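Chains, contacts and geometry: an overview
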Amino acid sequence: MKGRLFFVAIFVAYFLANLYLGFRVYPLVAQMNWSIQVIYGVAVAFLIVSPLLFFGLRKRVSVPQAAILYKVGTGWLMLILYSFLLAVVSEVVFAFWGSFIEAFSEGLLSLPKLQAWIIVGGTVLVACIGNVNYYRKKVVTLDLETVKPLEESIKMVVLSDLHLGHAISRRELKRWISFINAQQADVVLFAGDIIDNSLLPLTYYKLDELLREIKSKHGVYACLGNHEYLANVEMSLAFLRESNITVLRDEVVNIGSLQLIGRDDKSNPHRKALCDLVQPQPDKIQVLLDHQPYDLAKAAEQHLDFQFSGHTHRGQVWPFSWITDYLFEQSHGYLKKGTTQYYVSSGLGIWGGRYRIGTQSEYVVVTLKANRKKEKVTG
């Protein structure tokens, strides 16, 4: 019941914010032909209902049509925040300095029209910056040392949150795979949420064919994320098998001196406790994949060497990054607890509209090295 009330409250706030913005931008078309005003009204209505249209029609329309609804609807869910902030800030500025601004403009532009241009122009600018930032992938290079026996270094490409679906095209995934293969990694690891919320676009675009092109010396491994459950976990597992990705679902696999531990996602209330899944191994470098970075101390208690997680996107756009920073002990980046080292990725892909504002989309390239330093002998 509380969940439904919360959803209704969010929708009402979203609807009212859209109406407020619609009226504030209306002065741009107020003196135009009635047909232009009708088009404006239809555009505003479409923006308001586009998220609902996607979730209501995604199985009834073609995948390309659903992709348009998805990108518009989820993109607007992000951008409306900035449009609303621009409107409120301009209201405050005009309340204090409106007469001065009008005098300075010498009547060439009324305050309502000026505010409308600020909202539209500012939102377009934020969208362009966020979109460019999303496509500008950052390569995070980590050199991690271990005191455990290691004959030669191990190179891993570690990725999370691809969210393959209506937002990610074949062309984009192909670029990602080209980068992965260029690293000539010993092993490729996915820390969950390879899939977004539906298998339909993945099968429509035959993305499993592209994923099978990933090359590494010892294969491709993954743990499940919450979105694999949202998309239907059994269908997700079947798709990942077809993609030559080995899913570790509360499973452990040994690859030479490396031991990979893949936890089932927190979405499964019956997943094994970490202490029941693995025990300390002095002769193995133990690497844990756990999608959601909760209870980070558990890995340190088991004396695991490394843990890689994702899930947070670090909020994806500001100011949601502040929320994830508050909710998670580590919402993005490197952390060390005792002898255990962690990295929480902000993700390679994205949920919803292709905007990164104050956050980054990233590849993580990890080199595991033996610590060759010897302790000084005294006495």
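Structural notes, computed from the coordinates. Here the residue index of a chain counts from 1 through its sequence in written order. The model is predicted, so local features are restricted to residues of pLDDT at least 70 and side-chain atom pairs to those at 80 or more, both for listing and for counting; the totals for chains, interfaces and linings are taken over all residues. As a rule here, side-chain values cover all heavy atoms of the structure and leave hydrogens and water aside.

Next up on the list: the nonpolar core. We call a set of buried Ala, Val, Leu, Ile, Met, Phe, Trp, Tyr and Cys residues a nonpolar core when their side-chain atoms join them within 4.5 Å. The cut-offs for exposure are 20% and 50% of the maximum accessible area for each residue type, with area from a 1.4 Å probe on protein chains only; residues under the lower value are buried, those over the upper are exposed, and the others partly exposed. In this structure, Leu164, Leu173, Trp176 and Phe190 are the most contacted members of the largest nonpolar core, which totals 41 residues. Under the scheme used here, helices are H or I runs from DSSP no shorter than 4 residues and strands are E runs no shorter than 2 residues, and both carry numbers assigned from the N terminus. Contributions of two or more residues to this core are made by helix 3 (63-105), strand 2 (154-159), helix 5 (170-182), strand 3 (187-191), helix 7 (207-211), strand 4 (220-223), helix 9 (233-242) and strand 12 (362-370). The leading source of residues in this core is helix 5, at five residues. Setting aside anything within four residues of it in sequence, one finds Trp176 in contact with Tyr134, Lys137, Leu162, Leu164, Ile168, Leu348, Gly349 and Tyr363. Listed in part, the 26 residues of the second largest apolar core include Val287, Leu289, Phe306 and Tyr343. Residue contacts are counted whenever heavy atoms from the two residues lie within 4.5 Å of one another.

Here the focus is helix 2 (residues 34-57). Values of bend correspond, residue by residue, to the angle between axes fitted over the seven residues ending at that residue and the seven starting there. Its axis deflected by about 50° at Val49, helix 2 carries its strongest bend there, up to four residues before the proline Pro51. Buried within helix 2 we find Tyr40, Val44, Ile48, Ser50, Pro51 and Phe54.

Our next topic: the pairing of strand 11 (residues 340-344). By the criterion of burial, strand 11 is predominantly enclosed, with five of the five residues buried. Neither face of strand 11 is exposed, since Thr340, Tyr342 and Val344 on one face and Gln341 and Tyr343 on the opposite face are all buried. Strands are labelled as partners when DSSP assigns at least two bridges between them. Examined bridge by bridge, strand 9 (residues 306-309) and strand 11 share four bridges and lie parallel to one another. In the sheet register, Phe306 faces strand 11, and the bridge partner there is Gln341.

As a further point, take the sheet that holds strand 7 (residues 258-262). The strand order 6-7-8-9-11-10 describes an open sheet built from six strands, whose pairing is mixed. Every interior strand has two partners, whereas the edge strands, strand 6 (251-255) and strand 10 (333-337), have only one. Put simply, the sheet's adjacent strands are angled 20° from each other on average, direction ignored. All axes are obtained by fitting lines to C-alpha atoms, using only the stretch in contact for helices, and the reported angles, taken between N-to-C directions, cover 0 to 180 degrees.

Our focus in this paragraph is a nonpolar patch on the surface. Patches in this entry comprise residues that are over 30% relatively accessible and not in a salt bridge; like charges within 9 Å are linked, as are nonpolar side chains (Val, Leu, Ile, Met, Phe, Trp, Tyr) within 5 Å. A 1.4 Å probe and the Shrake-Rupley method give the accessible areas. Residues count as covered only by the protein chains that appear here. Put simply, a salt bridge is a Lys or Arg side-chain nitrogen that is within 4 Å of an Asp or Glu carboxyl oxygen. On the surface, Phe7, Val8, Phe11, Val12, Phe15, Leu16, Leu19, Phe23 and Leu52 cluster together into a nonpolar patch covering about 840 Å² of accessible area. Sort the elements by how many residues they give to the nonpolar patch and helix 1 (residues 2-25) lands first, with eight residues. Within the element layout of this structure, Phe7 appears in helix 1.

Attention shifts here to the sheet that holds strand 12. Spatially, six strands are ordered 1-12-2-3-4-5 in an open sheet, and the strand pairing comes out mixed. Since the sheet does not close on itself, it has two edges, and those belong to strand 1 (138-146) and strand 5 (246-247), each with one partner. In this structure, strand 3 lies alongside strand 4, joined through four bridges in parallel fashion. Opposite Ala191, over in strand 4, you have Cys223 as the bridge partner. Lying on the sheet, helix 5 is in contact with strand 1, strand 2, strand 3 and strand 12; it crosses strand 12 at an angle near 15°.

Now for unusual backbone geometry. A cis geometry characterises the amide bond from Trp318 onward to Pro319, with omega recorded as 5°. Tracing the backbone shows Pro319 in the loop between strand 9 and helix 12 (320-327). The phi angle at Gln184 is positive, at roughly 50°, despite the residue not being glycine. Assignment of secondary structure puts Gln184 in the loop between helix 5 and strand 3. Positive phi outside glycine occurs at Asp295, with the angle close to 50°. Mapped onto the secondary structure, Asp295 falls in the loop between strand 8 (285-289) and helix 11 (297-301). The exposure class assigned to Asp295 is exposed, which follows from its relative accessible area of 53%.

Glancing now at the side chain of Thr146. As for its position among the elements, Thr146 is in strand 1. For Thr146, a relative accessible area of 3% translates into the label buried. Beyond its immediate chain neighbours, meaning those up to four positions away, Thr146 contacts Ile285, Asp305, Phe306, Lys369, Ala370 and Asn371.

Now for the packing of aromatic side chains. Think of it this way: a Phe, Tyr or Trp ring, Trp meaning its six-membered ring, pairs with another when their centres are within 6.5 Å, and the plane angle makes it stacked under 30 degrees, edge-to-face over 60, tilted otherwise. The full count for this structure, using the stated rule, is 11 aromatic pairs. Aromatic pair Tyr20 and Phe84: ring centres 5.6 Å apart, planes at 65°, arrangement edge-to-face. Of this pair, Tyr20 sits in helix 1 while Phe84 is found in helix 3, placing the two residues 64 residues apart along the sequence. Summarising the aromatic geometry, the rings of Phe54 and Tyr70 are spaced 4.9 Å apart at their centres and angled 65° between planes, so their arrangement reads as edge-to-face. A residue pair is termed long-range when its members are at least 10 positions apart, and Phe54 in helix 2 and Tyr70 in helix 3 qualify at 16 residues. Note on Phe54: relative accessible area 1%, which makes it buried. Two conditions define a charge sitting above a ring: the NZ of Lys or the CZ of Arg must be within 6 Å of the ring centre, and it must be within 35 degrees of the ring normal. The ring of Tyr294 carries the charged tip of Lys266 above its face, separated from the ring centre by 4.9 Å.

Below, the discussion takes up the environment of Leu368. Tracing the chain through its elements places Leu368 in strand 12. Separated by 227 residues in sequence, Leu368 and Thr141 place their C-alpha atoms 11 Å apart. For Leu368, the contacting residues outside a window of four places in its chain are Leu144, Leu150, Ser153, Ile154, Met156, Leu258, Ile285, Val287 and Phe306.

This brings us to the environment of Tyr229. Secondary-structure assignment places Tyr229 in helix 8 (residues 226-230). According to the relative accessible area criterion, Tyr229 is partly exposed, its value standing at 22%. Expressed as a C-alpha distance, the spacing of Tyr229 and Asn268, which sit 39 residues apart in the sequence, is 8.5 Å. Those residues in contact with Tyr229 that sit more than four places away from it in its chain are Leu224, Arg249, Asp264, Asp265, Ser267 and Asn268.

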